[in-house]
Amino acid sequence: MNAFVSILAIAAAILMIAGWWKMRTDQKKGKKSKGSYLLIAPATVLMVLYIILAIAHRNQPIVQETPDERSCIITGDLTGIDFRNPVIEVLDYWHRDSVLARANVENGKFTVVVKDATAPTHVYLYCSNSEHNVQVRDFLLEPGEIHLTGDVNKDEDMGRPVSGLPLNDRWVKLKTNLSNAADSAAKMNVFETFLQDKPEEALILMALEEHINEIAPDRAMEVFDNIQGPLRNAEYAQLSFREYIQEMIRRNSILAKGAKFTDVAGQTPEGDLVHLSDFVGKGTPVLVDYWGSWCAPCIEGLPELAAAAKKYAGRLKVVGVNVREGLRGKKLQDFLQKHGVGWDIIVDVNGLTSDYVRAVPQAVLLDGDGHIIVHAHPQEILPKLDEYLSSR
């Protein structure tokens, strides 16, 4: 059906262009262009037929797979879906975002069945139509049933980890332990303890992928080389996992202690041109906070950042760099005012920070000359600001 509708559209376009070209040619020669109408008329009929079939196909229910003991059954009861004819898609992130299953969404409710979930993979769930695309959740695919709830417009709802099945429960436990670890050394201890339990390769790959900034890259490479299962050869977007880790090693070198800061050109919330170098290297230490309004943990950390900016006023400059920021203009200004953001903001409209900042929140503390003192999660840096600043 998809191929037939596409052929109709192509045929209509060819006839329409041919008719228009003949009309223009005949007009230049001073001739009446009766033949052009013989092309344009059927083109119009084909285009109308294409539109009718396309609408009918879009509204056609998606045939569901019949579940068995190896299937993952994903049900949802979501709110905040304010666009017409939404569809849920399950994308396999480890195999170039291939679509594993689809289902219609009616009044926020859906059921989608993914066959053969016994070889777990990292999946993303998207709710979309031709105009909108909202990521609902991401988790490990495994046999059983998962039920999702929440408002698709709330980051705190969509960012909740998925639990209820063995692999995902262990994944949630690891993430919780890593978030509760006090510093980088403690996080590495959590990771090593996790490896001692000989987890499934899917869990290891998830840990390497999502927590690469908390795991020493050389150790990550060693762990990856010891994986023997089929997922080792899975490709992440455009990079193999080995290349991906090597890329993270390169990025980490940019943010290594003692390295010179990397400049960023962007816009102020008011739309004016601004550079990170406008604030750095002026003799005062600078705390650069990489964040985004779409990031729930970033928003949760804003009060502590505001307290630090007030406490160390005159001794420390705070600058926020908004990464992959979706808000612009008045909406962004209102958001900053609502959350008490009173420090300078650089909106990275050109995506320059993507060269070295993979995940947010992240922070970099720079000395007065613009050299990196420390690069870590903001919650790891803020409690030690007295120590860092007193030693300068």
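As the structure is a computational prediction, the values presented were derived from the model and not from experiment.

Calculation criteria
For every chain, the first residue of the written sequence is number 1, and numbering continues from 1 along that sequence. It should be noted that, the model being predicted, local features are given only for residues of pLDDT at least 70 and side-chain atom pairs only at 80 or more, the latter also being counted only at that level, while totals for whole chains, interfaces and linings use all residues. Computation of side-chain values: all heavy atoms of the structure, hydrogens and water removed. Helix and strand assignments follow DSSP, with helices taken as H or I runs no shorter than four residues and strands as E runs no shorter than two, numbered in order from the N terminus. Burial classes: relative accessible area under 20% of the type maximum marks a residue as buried, over 50% as exposed, and values in between as partly exposed (1.4 Å probe, protein chains only). When checking whether two residues touch, look at their non-hydrogen atoms; a contact exists if any pair is within 4.5 Å. Between 30 and 60 degrees the pair is tilted, below 30 it is stacked and above 60 it is edge-to-face, where a pair is any two Phe, Tyr or Trp rings, Trp via its six-membered ring, whose centres lie within 6.5 Å. Take the buried Ala, Val, Leu, Ile, Met, Phe, Trp, Tyr and Cys residues and link them wherever side-chain atoms come within 4.5 Å; each set so joined is a nonpolar core. Paired strands, as defined in this entry, are two strands with at least two bridges between them according to DSSP. Any Lys or Arg side-chain nitrogen found within 4 Å of a carboxyl oxygen on Asp or Glu counts as a salt bridge.

Asker: How should I be thinking about the environment of Leu 141 in this particular structure?
Answerer: Positionally, Leu 141 belongs in the loop between β6 (133-140) and β7 (144-151). On the basis of relative accessibility, which here comes to 3%, the residue Leu 141 falls in the buried class. The spatial distance from the C-alpha of Leu 141 to the C-alpha of Leu 165 is 9.4 Å, given a sequence separation of 24 residues. The residues touching Leu 141, leaving out its near neighbours within four places in the chain, are Cys 72, Ile 74, Leu 100, Val 114, Ala 117, Pro 120, Thr 121 and Val 123.

Asker: For this particular structure, what's the right way to read the packing of aromatic side chains?
Answerer: Where two aromatic rings form a pair, the distance of their centres and the angle of their planes describe that pair. Applying the stated criterion across every chain, the model contains five aromatic pairs. Ring geometry for Tyr 93 versus Tyr 124: centroids 5.2 Å apart, planes at 80°, classification edge-to-face. Of this pair, Tyr 93 sits in the loop between β2 (87-92) and β3 (98-104) while Tyr 124 sits in strand β5 (residues 122-128), and the two are 31 residues apart along the sequence. For the pair Tyr 93 and Tyr 124, one class covers both residues: buried. The interplanar angle of 35° and the centroid separation of 6.4 Å between the aromatic rings of Tyr 124 and Tyr 126 together place this pair among those described as tilted. Using a relative accessible area of 16% as the deciding quantity, one classes Tyr 124 as buried. An aromatic cluster is defined as three or more aromatic residues linked by ring pairs; in this entry it consists of Tyr 93, Tyr 124 and Tyr 126.

Asker: I'm lost on the nonpolar core in this one. Help?
Answerer: One broad trend across soluble globular proteins is that nonpolar side chains are buried collectively. With 49 residues, the main nonpolar core has Leu 276 and Tyr 290 as its most contacted residues. Counting only elements with at least two residues in this core, the list comes to β12 (286-291), α10 (302-311), β13 (317-322), α11 (329-338), β14 (344-347), β15 (362-366), β16 (372-376) and α13 (385-390). When residues of this core are assigned to their parent elements, the largest contribution, five residues, is made by β12. Ignoring anything within four residues of it in the chain, the contact list for Leu 276 reads Phe 261, Thr 262, Asp 263, Val 264, Val 288, Tyr 290, Val 319 and Ile 346.

Asker: Before we go on, may I ask you to explain the pairing of strand β1 (residues 72-79) in this structure?
Answerer: On a regular strand, one side chain projects to one face of the sheet and the next to the other, so that they alternate. In this structure, β1 lies alongside β7, joined through eight bridges in parallel fashion. Bridged to Asp 77 within β7 is Thr 149. Across six bridges, β1 lies against strand β4 (residues 109-114) in antiparallel orientation. Of the residues in β4, the one forming a bridge with Thr 75 is Thr 111.

Asker: Would you explain the pattern of salt bridges in this entry?
Answerer: Any two side chains of opposite charge can pair, given that their charged atoms come close. Under the defined criterion, the tally for this structure stands at eleven salt bridges. Residue Arg 70 is joined to Asp 116 by a salt bridge in which the shortest nitrogen-to-oxygen separation is 3.7 Å. A residue pair is termed long-range when its members are at least 10 positions apart, and Arg 70 in the loop between α2 (34-58) and β1 and Asp 116 in the loop between β4 and β5 qualify at 46 residues. With a relative accessible area of 42%, Arg 70 lands in the partly exposed category. Across the pair Glu 89 and Arg 102 runs a salt bridge, and its minimum N-O distance is 3.0 Å. Taken together, the residues span a long stretch of sequence, with Glu 89 in strand β2 and Arg 102 in strand β3 at a distance of 13 residues. Given a relative accessible area of 36%, Arg 102 falls into the partly exposed group. A single salt-bridge network, built from bridges that share partners, covers Glu 192, Arg 219 and Glu 222.

Asker: What is the right way to look at unusual backbone geometry in this model?
Answerer: The phi dihedral of Asn 107 is positive, around 55°, even though this residue is not glycine. Its location among the elements puts Asn 107 in the loop between β3 and β4. Taking relative accessible area as the criterion, Asn 107 reaches 76% and is therefore assigned exposed.

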